[in-house]
Amino acid sequence: MNLRNDGKKRNKLFIAGALVLAITGVAGCSDSEVGDVSLGLFTTKDIKIDALVDPIVTGVTCHISSIEADLDFSDPSDSAIACRQTGPITAEMLASIDKSPSGDVIFRKSKSVFFKNMKLRRIYDEESKTLMYLSYSTKETSGSYKHSLSTVPLWETEAFN
């Protein structure tokens, strides 16, 4: 009886482990991924690069890089972002965005099975007529919330008034 219980426990642990690996593998998949750089032969960590066209201000594309650790429960929180004007930006687009100080979350990516996310938020700086894009982690790491900022000035666009 003891051997049968041990076998059942091992089967349950195997199934639970397979489910965790499947969930973490699916969480790392992204339709927006445009780059994947291996960090070496003896590591399971890669730098993934996502491209995101702003859903409202479609003349802006942001590239976000972050590290994904395929066999870990949580990815590192570091990220980098660069946003550029890649098309027209109109006054109508600008009129449609959230102009509150906290702006809009326009992208979200899971970085852990424990509810850590990387988010991209668009914030409008009215005074300088600049769109700010903030990439940040939702969990504190080593006493800090990791974040990165990129800006897109509206100078010489149709939206600049």
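Above this text sits the structure in question.
This paragraph deals with the overall build of the protein. When its secondary structure is counted, the protein shows 2 helices and 8 strands. Reading the helices (α) and strands (β) of the protein from amino to carboxyl end gives α-β-β-β-β-α-β-β-β-β. Counting all 161 residues of the protein, 34% fall into the buried class. Taking the intrachain contacts of the protein between residues at least 6 apart in sequence as the baseline, contacts between residues at least 24 apart amount to 45%. A total of about 9800 Å² of accessible surface is found on the protein, and carbon and sulfur atoms cover 59% of it.

A full pass over the atoms with the stated rule returns 5 salt bridges. Across the pair K48 and E33 runs a salt bridge, and its minimum N-O distance is 3.9 Å. Linking K48 in strand 2 (residues 45-53) with E33 in strand 1 (residues 33-38), this pair joins segments that are 15 residues apart in sequence. Put simply, K48 and D36 hold a salt bridge, and the shortest N to O gap is 2.8 Å. Placement of the pair is K48 in strand 2 and D36 in strand 1, with a sequence separation of 12 residues. By relative accessible area, which is 44% here, D36 ends up partly exposed.

Calculation notes
Residues numbered from 1 in each chain as written. Predicted model: local features only at pLDDT ≥ 70, side-chain atom pairs only at ≥ 80, totals over all residues. Heavy atoms only, no water. Helix = DSSP H or I, 4+ residues; strand = E, 2+ residues; numbered from the N terminus. Buried < 20%, exposed > 50% of the residue type's maximum accessible area, 1.4 Å probe, protein only. Contact = heavy atoms within 4.5 Å. Areas by Shrake-Rupley, 256 points an atom, 1.4 Å probe, with all protein chains shown as cover. Salt bridge = Lys/Arg side-chain N within 4 Å of Asp/Glu carboxyl O.

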